[in-house]
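The residues making up each chain are set out below.
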Amino acid sequence: MSEAPAAPRTVSADISLLLKPPEPRSGWRLLPARVAAMCAVELQKLRHDRTELYTRAVQPALWLLIFGQTFTRIKAIPTHGIPYIDYLAPGIIAQSAMFIAIFYGIQIIWERDAGILNKLLVTPTPRSALTTGKAFAAGVKSLIQAVVVILIAALLGVSLTWNPLKLLGVGAIVILGSAFFSCLSMTIAGIVLSRDRLMGIGQAITMPLFFGSNALYPLSVMPGWLQAVSKVNPLSYEVDALRGLLLGTPAHLALDFAVLAVAAALGITAASSLLGRLAR
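For every chain, the first residue of its written sequence is number 1, and the numbers climb from 1 along that sequence. Confidence filtering applies because this is a predicted model: local features only for residues at pLDDT of at least 70, side-chain atom pairs given and counted only at 80 or more, and all residues used for totals across whole chains, interfaces and linings. Hydrogen atoms and water are omitted, and side-chain values are computed over all heavy atoms in the structure.

## What to know about the overall build of the protein
- Helix and strand definitions here come from DSSP, where helices need a minimum of 4 consecutive H or I residues and strands a minimum of 2 consecutive E residues; each element is numbered from the N-terminal end. Scanning the protein for helices and strands turns up 13 helices and zero strands.
- Throughout this description, buried means an accessible area under 20% of the type-specific maximum (1.4 Å probe, protein chains only), exposed means over 50%, and partly exposed covers the range between. For the protein, with 280 residues in total, the buried portion stands at 46%.
- Pairs at least 24 apart in sequence give 78% of the contacts found in the protein among residues at least 6 apart.
- Surface accessibility in these figures is a Shrake-Rupley result with a 1.4 Å probe; residues are shielded only by whichever protein chains are displayed. Element-wise, carbon and sulfur atoms account for 67% of the exposed surface of the protein, whose accessible area totals about 14600 Å². In what follows, residue pairs with any heavy atoms lying within 4.5 Å of each other are defined as contacts.

## Observations regarding the nonpolar core
- Think of a nonpolar core as a cluster: buried Ala, Val, Leu, Ile, Met, Phe, Trp, Tyr and Cys residues, connected wherever their side-chain atoms sit within 4.5 Å. Leu64, Ile93, Phe181 and Phe210 are the most contacted members of the largest nonpolar core, which has 68 residues in total.
- Aside from chain neighbours lying at most four places away, what touches Leu64 is Gln69, Ile85, Leu88, Ala89, Ile92, Val149, Ile152, Ala153 and Leu156.

## Looking at the environment of Leu255
- With respect to the helices and strands, Leu255 occurs in helix H13 (residues 253–278).
- Along the sequence, Leu255 and Ala241 sit 14 residues apart, while their C-alpha atoms lie 9.0 Å from each other.

## Observations concerning the packing of aromatic side chains
- Centres within 6.5 Å make a pair out of two Phe, Tyr or Trp rings, where for Trp the six-membered ring is used; the pair is then stacked when the planes are under 30 degrees apart, edge-to-face when over 60, and tilted otherwise. This model, assessed by the stated rule, comprises eight aromatic pairs.
- Measuring from ring centre to ring centre gives 5.1 Å for Trp63 and Phe67, while their planes differ by 65°; the resulting arrangement is edge-to-face. Taken together, the residues Trp63 and Phe67, both in helix H4 (residues 58–74) and four residues apart, mark about one turn of the helix.
- Judged by relative accessible area, which is 25%, Phe67 ranks as partly exposed.
- Here the aromatic residues Trp63, Phe67, Phe71, Tyr84, Tyr87, Phe210 and Phe211 are joined through ring pairs into a cluster of three or more.
- Note that Arg243 overlies the ring of Tyr87, its terminal NZ or CZ placed 3.5 Å from the centroid. Charge-over-ring contacts are defined here by two conditions on Lys NZ or Arg CZ: a distance within 6 Å of the ring centre and an angle within 35 degrees of the ring normal.

## Points about the packing of helix H6 (residues 105–113) against helix H9 (residues 164–192)
- Throughout, an axis means a line fitted to C-alpha atoms (over the contacting stretch in the case of helices), and angles, computed between N-to-C directions, take values from 0 to 180 degrees. Packing of H6 against H9 brings their axes to within 7 Å, and their N-to-C directions diverge by 45°. It follows from the interaxial angle that H6 and H9 lie oblique. Along the contact surface, H6 presents Gly105, Ile108 and Ile109, while H9 presents Ser185, Met186 and Ala189.
- Residues were grouped as follows: Ala, Val, Leu, Ile, Met, Phe, Trp, Tyr, Cys and Pro as nonpolar; Asp, Glu, Lys and Arg as charged; and all remaining residues, including Gly, as polar. Looking at the contact of H6 with H9 residue by residue, the class counts come to four nonpolar, two polar and no charged. Put simply, angles under 35 degrees are roughly parallel, angles over 145 are roughly antiparallel, angles from 65 to 115 are roughly perpendicular, and the rest are oblique.

## Let's talk about unusual backbone geometry
- Backbone geometry at His80 places phi at a positive 55°, although glycine is not the residue there.
- A positive phi is found at Leu193, a non-glycine position, where the angle reads about 65°.
- As for its position among the elements, Leu193 is in the loop between H9 and helix H10 (195–211).
- The exposure class of Leu193 is partly exposed, given its relative accessible area of 28%.

Take it as geometry only, folks, not as evidence of what the structure does.
The following block contains the structure:
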């Protein structure tokens, strides 16, 4: 007698594996992908429209060409033997990066009005990952601007370092500083909920942040109250680090990196907590 035929192999388990949706990745695994995606979007925008990059390079060039060269001749500001235009260049790099990041909240409001923000918020992506991605996308955009300003400064004869490790440090400082200022802008956007109000507040705080830092003059020539303001101004720590890296002047690099990293983390936390308010 022949043996009974074997039972057909079930494929239900294989089908269930195919039909079962993948488990959502946790926030810490989503974060690098979201940051990379947002940075790619910003680079794609610049690839298709470089007008903003060119127009934003005009103001830093004027600061270095007119203000820097004039005060180098006057010698009115003590810079410890460094030509004033050299002393000014890191401050202008930080300023131009801040000016890009401080209005980044306008993009969030535009995304809300276009319905994009609501679509992003219903995805499994954590809000902190969305905010971090946008913050570091602003950092990449500011970094491109910083490269342009560095090239302009080099053409004007500013003595900058070309050490690759120091330039990597410059990139990290610019990204951290821009991440904080973009999160500050997104936090303000979550409070005021209006592009016009955000523009007004942004314009009101950019120049005080700039003049209340060590970008134009050393701490020693400031009045006492302005020194106190400068010591709590993240832009001062960004400028201090950029001067130390690009010019080799005495700097507190460990403190500068720590302050900017903590400021960026606090900014991401604040902006993430208000992101849902924008979508209401």
